[in-house]
Amino acid sequence: MEEGKGVVSMEEANGENGEGINKYACGCAAVAAMISIIFGYDTGVMSGAMIFIKEDLKVNDTQISVLAGILNVCALVGSLAAGRTSDFLGRRYTIVVASIMFLVGSVLMGYAPNYPILLTGRCTAGVGVGYALMIAPVYSAEISSPKSRGFITSLPELGISTGILTGYLANYFMAALPLKLGWRLMLGIAAVPSLGLAIGILKMPESPRWLVMRGRLGEAKRILLKVSNSKEEAQIRFREIKLAAGIDEDCNEDSVKPPTSTGGGGVWKELLLRPTPAVRWMLLATIGIHFFEHATGIEAVMLFSPRILKKAGVTSKDKLLLGTIGVGLTKLTFMASSTLLIDRVGRRPLLLTSTAGMIAALTGLGIGLTTVENAKEKSLWALGLCFVSTYTFVAFFNIGVAPVTWVYPVEIFPLKLRAQGASIGVAVNRGTNAAISISFIPIYKAITIGGSFFMFAGISVVAWFFFYFLLPETKGKPLEEMEELFTRGSRSNKSKNVGVEILP
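Here the residue index of a chain counts from 1 through its sequence in written order. Only residues with pLDDT of 70 or above have their local features reported here, since the model is predicted, and side-chain atom pairs are shown and tallied only from 80 upward, although totals for entire chains, interfaces and linings are computed over all residues. Values shown for side chains rest on all heavy atoms present in the structure; no hydrogens or waters enter the calculation.

Describe the overall build of the protein, with residues and values.
Assigned secondary structure in the protein consists of 23 helices and zero strands. Taking as baseline every contact in the protein between residues at least 6 positions apart, the subset at least 24 positions apart corresponds to 83%. For the protein, the computed accessible surface area is about 18,900 Å², with 64% contributed by carbon and sulfur atoms. For the purposes of this entry, the term helix denotes a DSSP run of H or I that reaches at least four residues, the term strand denotes a run of E that reaches at least two, and both are numbered from the N terminus. Note on definitions: a residue-residue contact is assigned when non-hydrogen atoms from the two residues lie within 4.5 Å. The accessible surface values rely on the Shrake-Rupley method and a 1.4 Å probe; as for residues, cover is taken only from the protein chains in view.

Below, the structure written as structure tokens:
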């Protein structure tokens, strides 16, 4: 693989202009990440809004659990539809569709005179979430160069962290408003940025890889010149994309007939019914990393952090909301740090270190909550352990598992399979998220809240071994070379950063 001209030439092209990030590509990804900020806001603000919704609408714990989890059930449907939509409409217009879904959902939730309409708005926003979580990383990966792909593709996840913190701040500052107005304003205000994004994204370029897949070579070449650091780099990327799409690398036409089907049944057959060994491995890696992101308990901590802190001994609403702001600030700080490390350190080291830290933090949280629950008097050391463990868990999660989950799957699939392969991963992600959101309260009532975090710690141990054995390093490799990395023959490389000799 190292002897191929594409790899050597790409490194030389990057070397001539340093390894700086292309500002135009970064700007495009930042605009696309706005959809993730809106989703993050909706997630963060709901954690505090549920306190006031329960009081205003007189709903029970089961209805609150459904309200929390239904977003992800609907997101599962949206993510499966998003792959086909993005292959048909393009990456850019799929972001517009997601924005409109958020707009309608936010208006319904902000109006909501009763629980059914609130749930309808949450469902509508959920479909938008499915679209957003699939398309933002795919678009970012497809406009970035190999040297900066980790940073640029992790911007949507950074956007989610920013949105969550903004939602927590909205909870705190709007909590003083009248009960009937406060939570509705918290939820409804997201309609404003949704409308702005739906209009603003139309001024951004389409993904050059999608354009090549549709045979629109002239447009793709012009965009690649903008998102590359040099003309030479753009030419090399253009040639590699054409080869990956099945087009002659020497073709200089502005428009050609797409060589293969770009969506529908053929793609699903290649992914699920008759996958090559490499694609089967990619699919297993994608499903696994998305499953473990939420099966390890982050949704329980982020969405139910006020309830966890209350169990730990914090009773005042103001202090509960301030505690969640601290969680959001920790998440944003470490997520921002991870975007600077992911292209330098690599995906595997961040992922394995992150998961190991999560195991320790979840174990500490389980010990602390179990002690608080069983103590006859207030235990200050157990309360402190709960706080430290909660923040430590959020920190370790966001330094590795959170960004790598969204970078890794969108960079490993071949061009023709990328959108729908990523959509399967997002569907698994949202399904797992929904299961945790809906079942967390019943689980902790059945096995105690401390026991539930011991359970998450055990799942994290399984996740660490999965990542170690089945996820090879992808840092710095062109998207067009990923299939070779996941082919059995490429496993002759015994470097510890590539992976180990175990195949799915």
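Tell me what's going on with the nonpolar core, and back it up with residues and numbers.
One finds Ile53, Leu118, Trp183, Leu187, Phe453, Phe467 and Leu471 to be the most contacted residues of the largest nonpolar core, which totals 139 residues. Among the elements that make up this core, the one with the highest residue count is helix H6 (residues 115–143) (14 residues). Setting aside residues no more than four positions away along its own chain, phenylalanine 467 makes contact with Ile289, Phe292, Arg348, Leu351, Leu352 and Thr355. Within this scheme, the nonpolar core is defined by two criteria: the residues are buried Ala, Val, Leu, Ile, Met, Phe, Trp, Tyr or Cys, and they are joined through side-chain atoms within 4.5 Å. Here the term buried applies to any residue with accessible area under 20% of the maximum for its type, exposed to any over 50%, and partly exposed to those in between, with areas from a 1.4 Å probe on protein chains only.

Got a sec to walk through the environment of valine 59? Specific residues and values, please.
Along the chain, the position of valine 59 falls in the loop between helix H3 (34–57) and helix H4 (61–89). Valine 59 gets classed as buried once you look at its relative accessible area, which sits at 7%. Each C-alpha atom, one on valine 59 and one on asparagine 114, is 10.0 Å from the other, the two residues being 55 residues apart in sequence. Not counting chain neighbours up to four residues away, the residues in contact with valine 59 comprise Ile53, Lys54, Ile64 and Tyr115.

Lay out the confidence of the model for the protein with the relevant residues and their values.
Scored from 0 to 100, pLDDT records how confident the predictor is in each individual residue. In this model, the protein carries a mean pLDDT of 84, and residues with pLDDT of at least 70 account for 88%. Within the model, the stretch residues 1–18 combines pLDDT values under 50 with 26 contacts to residues more than four positions away or in other chains. In the predicted structure, residues 489–504 sits below a pLDDT of 50 and forms 35 contacts with residues beyond four places in sequence or in another chain.

Please provide a residue-by-residue account of H4, values included.
Counted at 1.5 Å a residue, the expected span for H4 with its 29 residues is 42 Å, and the 41 Å between its end C-alpha atoms agrees. Note that the bend at a residue is defined as the angle between axes fitted to the seven residues ending at it and the seven residues starting at it. When the local axis directions of H4 are compared, the greatest deviation, roughly 35°, occurs at glycine 69. Looking at where H4 begins, the residue whose side-chain oxygen comes 3.1 Å from the main-chain nitrogen of threonine 62 is asparagine 60. What a helix is expected to span follows from its residue count: subtract one and scale by 1.5 Å. In protein, a polar contact means a hydrogen-donor-capable atom and an acceptor-capable atom, both N or O and within 3.5 Å, with residues adjacent in sequence counting only if both atoms are side-chain atoms; elsewhere, any N or O pair within 3.5 Å suffices.

Run through a nonpolar patch on the surface, naming residues and quoting values.
On the surface, Leu177, Leu181, Leu185, Ile189 and Val192 cluster together into a nonpolar patch covering about 400 Å² of accessible area. With respect to the helices, strands and loops of the structure, valine 192 is situated in helix H10 (residues 191–200). Valine 192 gets classed as exposed once you look at its relative accessible area, which sits at 61%. Only residues whose relative accessible area exceeds 30% and that form no salt bridge enter a patch; like-charged residues are grouped when within 9 Å of one another, and nonpolar side chains (Val, Leu, Ile, Met, Phe, Trp, Tyr) when within 5 Å. Salt-bridge detection follows one rule: a side-chain nitrogen of Lys or Arg within 4 Å of a carboxyl oxygen of Asp or Glu.

I'd like a rundown of the side chain of glutamate 299, residues and numbers included.
Mapped onto the secondary structure, glutamate 299 falls in helix H16 (residues 298–303). The charged-residue count follows a simple rule in which Lys and Arg add positive charge and Asp and Glu add negative charge, with His and chain termini not counted at all. Put simply, glutamate 299 is tucked away with no salt bridge, and the nearest opposite charge, on arginine 430, sits 5.8 Å away.

Could you give me a rundown of the packing of aromatic side chains, with the residues and numbers involved?
Pairs were defined over the aromatic rings of Phe, Tyr and Trp, the Trp ring being its six-membered one, requiring ring centres within 6.5 Å. Orientation was assigned from the angle between planes: stacked under 30 degrees, edge-to-face over 60, tilted for the rest. For the coordinates displayed, the defined rule picks out 17 aromatic pairs. Arranged with centres 5.3 Å apart and planes meeting at 85°, the rings of tryptophan 464 and phenylalanine 465 form a pair that is edge-to-face. The exposure class of tryptophan 464 is partly exposed, given its relative accessible area of 25%. Relative accessible area serves as the criterion here: at 44%, phenylalanine 465 is assigned to the partly exposed category. Taken together, the ring pairs in this structure connect Phe291, Phe292, Phe466 and Phe467 into an aromatic cluster. Over the ring of tyrosine 468 we find arginine 348; its NZ or CZ atom is 5.4 Å from the centre of that ring. Working rule: Lys NZ or Arg CZ, within 6 Å of ring centre, within 35 degrees of ring normal, means a charge sits over the ring.

Can you explain helix H13 (residues 231–245)? Please cite residues and give values.
Spanning 15 residues, H13 covers 21 Å between terminal C-alpha atoms, matching the ideal 21 Å at 1.5 Å per step. Restricting attention to buried positions, one finds in H13 the residues Glu233, Ala234, Ile236, Arg237, Phe238, Glu240, Ile241, Lys242 and Ala245. Positioned one or two residues after H13, glycine 246 has a phi angle of 85°, which is positive.

An account of the pattern of salt bridges is requested, with residue identities and associated values reported.
Enumeration according to the criterion identifies 15 salt bridges in this entry. Measuring nitrogen to oxygen at the nearest pair gives 3.0 Å for the salt bridge that ties arginine 91 to aspartate 87. Looking at aspartate 87, the relative accessible area reads 2%, which means it is buried. Residues glutamate 233 and arginine 237 are paired through a salt bridge, measuring 3.5 Å at the closest nitrogen-oxygen approach. Here glutamate 233 and its partner arginine 237 are both found in helix H13, four residues apart, which amounts to about one turn of the helix. The class for glutamate 233 is buried, based on a relative accessible area of 0%.

Tell me about the side chain of serine 161, residues and numbers included.
By secondary structure assignment, the location of serine 161 is in helix H8 (residues 155–174). The contacts of serine 161, once residues within four sequence positions are left out, are Lys331, Leu332, Met335 and Asn398.

Please set out the packing of helix H20 (residues 380–412) against helix H21 (residues 415–447) residue by residue, giving values where relevant.
Across the interface, H20 lies against H21 with an axial gap of 8 Å and an inter-helix angle of 150°. Relative to H21, the element H20 lies roughly antiparallel. Judged by the twist between their axes, the crossing of H20 over H21 is right-handed. Between H20 and H21, the contacting residues are Thr405, Trp406 and Val410 on the first element and Arg418, Ala422, Val426 and Asn429 on the second. When its residues are assigned to classes, the contact of H20 with H21 shows four nonpolar, two polar and one charged. Lines are fitted to the C-alpha atoms to define the axes, a helix being fitted only along its stretch in contact, and any angle between axes, read from their N-to-C directions, falls within 0 to 180 degrees. Should an angle fall under 35 degrees it is taken as roughly parallel, and over 145 as roughly antiparallel, whereas 65 to 115 is taken as roughly perpendicular and any remaining angle as oblique. Helix crossings get a hand from a simple test, with the near helix turned counterclockwise from the far one by less than a right angle marking a left-handed crossing and a clockwise turn marking a right-handed one. All residues other than Ala, Val, Leu, Ile, Met, Phe, Trp, Tyr, Cys, Pro, Asp, Glu, Lys and Arg, Gly among them, are scored as polar; the first ten of these are nonpolar and the last four charged.

Please set out the environment of glutamate 233 residue by residue, giving values where relevant.
Sequence separation between glutamate 233 and serine 145 is 88 residues; the distance between their C-alpha atoms is 8.7 Å. At 3.2 Å, the side chain of glutamate 233 forms a polar contact with the backbone nitrogen of asparagine 229.

Describe unusual backbone geometry, and please don't skip the residues or the numbers.
A positive phi is found at lysine 58, a non-glycine position, where the angle reads about 55°. Of the residues examined, lysine 58 reaches a relative accessible area of 66% and is grouped as exposed. A positive phi angle, close to 75°, is found at threonine 448, a residue other than glycine. With respect to the helices, strands and loops of the structure, threonine 448 is situated in the loop between H21 and helix H22 (449–470). A residue is classified by how much of its surface remains accessible, and threonine 448, at 36% relative accessible area, is partly exposed.

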